[in-house]
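Structural description and commentary
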Amino acid sequence: MSDSPAPVEIPLRAAATVMLVRDGSDGLEVFMLRRNPRSEFVPGQFVFPGGAVDPVDREDPGLEAVCVGLDDATASRRMNVDHGGLAFWVAAVRECFEEAGVLLARRGSDHISFDGPATADRFSGLRASVYDGELRLAQMCADESLVLDLDELRYVSHWVTPIGPTRRFDTRFFVAHAPDEQEPLHDGAETVESTWIRPADAFAQHAEDKFKMIFPTLVNLEPLRNVDTVDELLAWADNLGEIPQILPALRVNPDGTIATLMPDGDGYKEALANPPSPGSTP
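All of these numbers come straight from a predicted model, not from anything done at the bench. (Residues numbered from 1 in each chain as written. Predicted model: local features only at pLDDT ≥ 70, side-chain atom pairs only at ≥ 80, totals over all residues. Heavy atoms only, no water.)

Considerations on the sheet that holds strand β8 (residues 147-149)
Sheet strands associate in pairs through backbone hydrogen bonding, adopting either a parallel or an antiparallel arrangement. The test is simple: Strands are treated as partners if at least two bridges between them are detected by DSSP. A run of H or I in DSSP counts as a helix once it spans at least four residues, and a run of E counts as a strand once it spans at least two, with each numbered from the N terminus.
Taking strand neighbours across the sheet as the criterion, the four strands line up as β5-β8-β6-β7 in an open arrangement whose pairing is mixed. Of all the strands in the sheet, the pair left with one neighbour each is β5 (67-68) and β7 (110-111).

Here's what the structure looks like:
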């Protein structure tokens, strides 16, 4: 009988991430946040706003009344799940509001504007209340006569954390045009810095170790290098077919470094069949 401990299964957590974009003076720009260097999860890395799908994103009975542009059946078909697909869109909107202060919502036919100190201050307080769990997003929308504008979000990518890390996520990536009259900003706790940046500049600074990004961020940022405007990017997103699930594999090299292998890469199948033990990777 083997004395080796049984393999530890790390559960997958559903998550949603939003690449907020705008037209800058020199081309397309994307909004990115730098995580707190003291964070246990990807400390000091630049990321897109996003996070785990919460139970309230699935179970709040008030959500259906404040969602427009998409229902759960249609969302679930796009996600290739039986039900509950709408929760990814809701989580994307909520996380974008909590982490970046941007609310993809409208009042009537107009996008919500934070123009004006009083409005900006009020929504800053609402942002904190939603983040702390004191206020449900659906209730905030009902109180403010808002609807979540899910048409603004384009689903573009599906990533699953490889086996090895002690936190694993089943993440859906979206792109969205940032509202003109809202200024995104980091929260000062989970994230300590924020910036609008051209994708090409992000890659150049990353190569110089000045703008650190994890592998999924780099790969999902790559398509944004090939377009010049928000309209071009949204047209690209609208023309995507079925979104495949991408599960990279990790390989521990002889020198102890970690290689991330994509499904079409050499050695992928072997690495997937022989994953590193959870906790043995950074």
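Thoughts on the environment of I163
The following threshold applies: Relative accessible area decides the class of each residue, using a 1.4 Å probe on protein chains only: under 20% of the type maximum gives buried, over 50% gives exposed, and in between gives partly exposed.
Tracing the sequence through the fold places I163 in the loop between β9 (153-160) and β10 (168-177). On the accessibility criterion, I163 (32% relative accessible area) is partly exposed. Counting along the chain gives 86 residues from I163 to A249, while the straight-line C-alpha distance between them is 6.9 Å.

A short note on helix α7 (residues 199-207)
Selection rule: Think of it as the arc spanned by the lines of direction from the helix axis to the C-beta atoms. Contacts between residues were defined by any pair of non-hydrogen atoms, one from each residue, lying within 4.5 Å.
P199, A202 and F203 are the residues of α7 that are buried. Axial view of α7: buried residues confined to an arc of 95°, hence all on one face. For α7, the elements touching its buried residues are β2 (27-35), β11 (191-197) and α8 (215-221). Looking one or two residues past α7, D209 carries a phi angle of roughly 65°, positive in sign.

Overview of the nonpolar core
Rules: To define a nonpolar core, start from buried Ala, Val, Leu, Ile, Met, Phe, Trp, Tyr and Cys residues and group those joined through side-chain atoms within 4.5 Å.
Membership of the largest hydrophobic core comes to 50 residues, with the highest contact counts inside it found for L20, L103 and L153. Per-element tally for this core: the top contributor is helix α4 (residues 86-100), with 11 residues. Not counting chain neighbours up to four residues away, the residues in contact with L20 comprise E29, V30, F31, C96, A100, V102, A176, A178 and W196. Within the second largest apolar cluster, 25 residues are counted, among which are F46, I197, L221 and A237.

Re unusual backbone geometry
Non-glycine residue S145 carries a positive phi angle of around 55°. Its place among the elements puts S145 in the loop between α6 (137-144) and β8. Within the chain, D209 stands out as a residue other than glycine whose phi angle is a positive 65°. Position of D209 relative to the elements: it lies in the loop between α7 and α8. Residue D209 is classed as exposed on the basis of its relative accessible area of 54%.

Regarding the pattern of salt bridges
To be explicit about the condition: Any carboxyl oxygen of Asp or Glu within 4 Å of a side-chain nitrogen of Lys or Arg constitutes a salt bridge here.
If you walk through the whole model with that rule in mind, you get 16 salt bridges. The residue E190 makes a salt bridge to R35 at a minimum N-O spacing of 3.7 Å. Separated by 155 residues along the polypeptide, E190 in the loop between β10 and β11 and R35 in strand β2 bring together distant segments of the chain. Close ionic contact of R225 with E222 constitutes a salt bridge, the shortest N to O distance being 3.4 Å. Judged by relative accessible area, which is 40%, R225 ranks as partly exposed. Linked through salt bridges whose partners overlap, the residues forming this network are D54, D57, R94, E95 and E98.

Side note on a negative patch on the surface
Selection rule: Patches here are clusters of residues that have more than 30% relative accessible area and form no salt bridge, with a 9 Å joining cutoff for like charges and a 5 Å cutoff for nonpolar side chains (Val, Leu, Ile, Met, Phe, Trp, Tyr). Throughout, the Shrake-Rupley method with a 1.4 Å probe supplies accessible areas, and for residues the shown protein chains are the sole cover considered. Charge assignment: positive for Lys and Arg, negative for Asp and Glu; neither His nor the chain ends contribute. Working definition for charges: the position is that of NZ of Lys, CZ of Arg, CG of Asp or CD of Glu.
A cluster of acidic residues, D23, D228, D231 and E232, forms a negative patch on the protein surface. Assessed through its relative accessible area of 36%, E232 is described here as partly exposed.

Side note on the packing of aromatic side chains
Two aromatic rings are characterised by how far apart their centres lie and by the angle between their planes. The criterion, for reference: Note on ring pairs: Phe, Tyr and Trp rings are taken, using the six-membered ring of Trp, and paired if centres are within 6.5 Å. Classes follow the plane angle, with under 30 degrees stacked, over 60 edge-to-face and the rest tilted. Lysine NZ or arginine CZ positioned within 6 Å of the ring centre and within 35 degrees of the ring normal marks a charge as sitting over the ring.
Taken as a whole, this structure holds eight aromatic pairs when the rule is applied. Ring geometry for W89 versus F174: centroids 5.0 Å apart, planes at 65°, classification edge-to-face. A residue pair is termed long-range when its members are at least 10 positions apart, and W89 in helix α4 and F174 in strand β10 qualify at 85 residues. Overall, F174 belongs to the buried group, its relative accessible area being 0%. With centroids separated by 4.7 Å and ring planes inclined at 25°, the aromatic side chains of F114 and F123 adopt a geometry described as stacked. Taking relative accessible area as the criterion, F123 reaches 1% and is therefore assigned buried. Each member of the aromatic cluster is reached from another via a ring pair, and the members are W89, Y155 and F174. Across from the ring centre of F203, 4.2 Å away, lies the NZ or CZ of R225, which sits over that ring.

These figures come from the coordinates and say nothing about function on their own.
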